[in-house]
Amino acid sequence: IVRGEELSARVLALAEGCMEHALIRLVNNLSYSGNETIIVEGSDECFVHAPLGTGNLNRTLRTEADVSGYTRRVEVVLSKVRPFQLVSWKEVAEF
């Protein structure tokens, strides 16, 4: 059980790291299209979905990671990208 808990926590950290990557990309480019797989530490990977919304206001980013059957998803809602105004950052079961 400890192994499963450790793996689940690692997968969440992976999804959150992916989210940090996506946020940086969006802040630097409001036209960031997402839809990219990021490979971390050899074979671990996470996916950044296409951002919801357009422009500087009311944007939603979604990432997910799956390793050995453990899937974790993170959703971030921004009221404004520049300057950065975070509404929520949470783990979700489904998008």
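Reading guide: rules and limits
- Residues numbered from 1 in each chain as written.
- Predicted model: local features only at pLDDT ≥ 70, side-chain atom pairs only at ≥ 80, totals over all residues.
- Heavy atoms only, no water.
- Helix = DSSP H or I, 4+ residues; strand = E, 2+ residues; numbered from the N terminus.
- Rg over C-alpha atoms; globule rule 2.2 N^0.38 Å.
- Buried < 20%, exposed > 50% of the residue type's maximum accessible area, 1.4 Å probe, protein only.
- Contact = heavy atoms within 4.5 Å.
- Areas by Shrake-Rupley, 256 points an atom, 1.4 Å probe, with all protein chains shown as cover.
- Lys, Arg positive; Asp, Glu negative; His and termini not counted.
- Charge placed at Lys NZ, Arg CZ, Asp CG, Glu CD.
- Phe/Tyr/Trp six-rings, centres within 6.5 Å; stacked < 30°, edge-to-face > 60°.
- Lys NZ or Arg CZ within 6 Å of the ring centre and 35° of its normal.
- Salt bridge = Lys/Arg side-chain N within 4 Å of Asp/Glu carboxyl O.
- Disulfide = S-S within 2.5 Å.
- pLDDT = per-residue confidence, 0-100.
- Pairing = 2+ DSSP bridges.
- Axes fitted to C-alpha atoms, helices over the stretch in contact; angles between N-to-C directions.

### Some points on the overall build of the chain
Next up, step 1: Of regular secondary structure, the chain possesses one helix and five strands.
Next up, step 2: Its C-alpha atoms give the chain a radius of gyration of 14 Å, within 12% of the compact-globule value 12 Å for 95 residues.
Next up, step 3: Along the three orthogonal principal directions, the C-alpha set of the chain runs to about 45 × 25 × 20 Å.
Next up, step 4: Across the 95 residues that make up the chain, the buried fraction comes to 40%.
Next up, step 5: Put simply, 41% of the contacts in the chain that link residues at least 6 apart link residues at least 24 apart.
Next up, step 6: A total of about 5,500 Å² of accessible surface is found on the chain, and carbon and sulfur atoms cover 51% of it.
Next up, step 7: Distance between charge centres in the chain, computed from 10 positive and 13 negative side chains, equals 9 Å.

### What to know about the packing of aromatic side chains
Next up, step 1: Inspection of the entire model under this criterion finds zero aromatic pairs.
Next up, step 2: The residue whose ring lies beneath arginine 62 is phenylalanine 95, and the NZ or CZ to ring-centre distance is 5.2 Å.

### A few points about the pattern of salt bridges
Charged atoms that come close allow side chains of opposite charge to pair.
Next up, step 1: Taken as a whole, this structure holds four salt bridges when the rule is applied.
Next up, step 2: For aspartate 44, the salt bridge is made with arginine 10, and the minimal N-O distance between the two is 2.9 Å. Residue aspartate 44 is found in strand 2 (residues 44–48), and its partner arginine 10 is found in helix 1 (residues 2–28); the two are separated by 34 residues along the sequence.
Next up, step 3: The buried category is assigned to aspartate 44, whose relative accessible area is 10%.

### Considerations on the state of the cysteines
Think of a disulfide as a covalent bridge from one cysteine sulfur atom to another cysteine sulfur atom.
Next up, step 1: Applying the stated criterion across every chain, the model contains one disulfide.
Next up, step 2: A disulfide bridge connects cysteine 18 with cysteine 46, and the sulfur atoms are separated by 2.0 Å. For the disulfide bridge between cysteine 18 and cysteine 46, the dihedral angle about the S-S bond is near 85°, and by the sign convention the bridge is right-handed. Remark: cysteine 46 occurs in strand 2 and cysteine 18 occurs in helix 1; sequence separation between them is 28 residues.
Next up, step 3: Exposure remark for cysteine 18: the relative accessible area of 2% places this residue in the buried category.

### Considering the confidence of the model for the chain
Next up, step 1: When pLDDT is averaged across the chain, the result is 95; 98% of the residues are at 70 or more.
Next up, step 2: Mean pLDDT values over the elements of the chain span from 93, in strand 1 (residues 36–40), up to 98, in strand 5 (residues 85–92).

### Observations concerning the sheet that holds strand 2
The strands that make up a sheet pair up through hydrogen bonds in the backbone, lying either parallel or antiparallel.
Next up, step 1: Read from one edge of the open sheet, five strands run 1-2-3-4-5, paired in antiparallel fashion. Edge positions in the open sheet fall to strand 1 and strand 5, since each of these has one partner strand only. Geometrically, the sheet is characterised by an average inter-axis angle of 20° between neighbouring strands, direction not taken into account.
Next up, step 2: Pairing between strand 4 (residues 70–80) and strand 5: seven bridges, direction antiparallel. Counterpart to glutamate 75 in the pairing with strand 5 is lysine 90.

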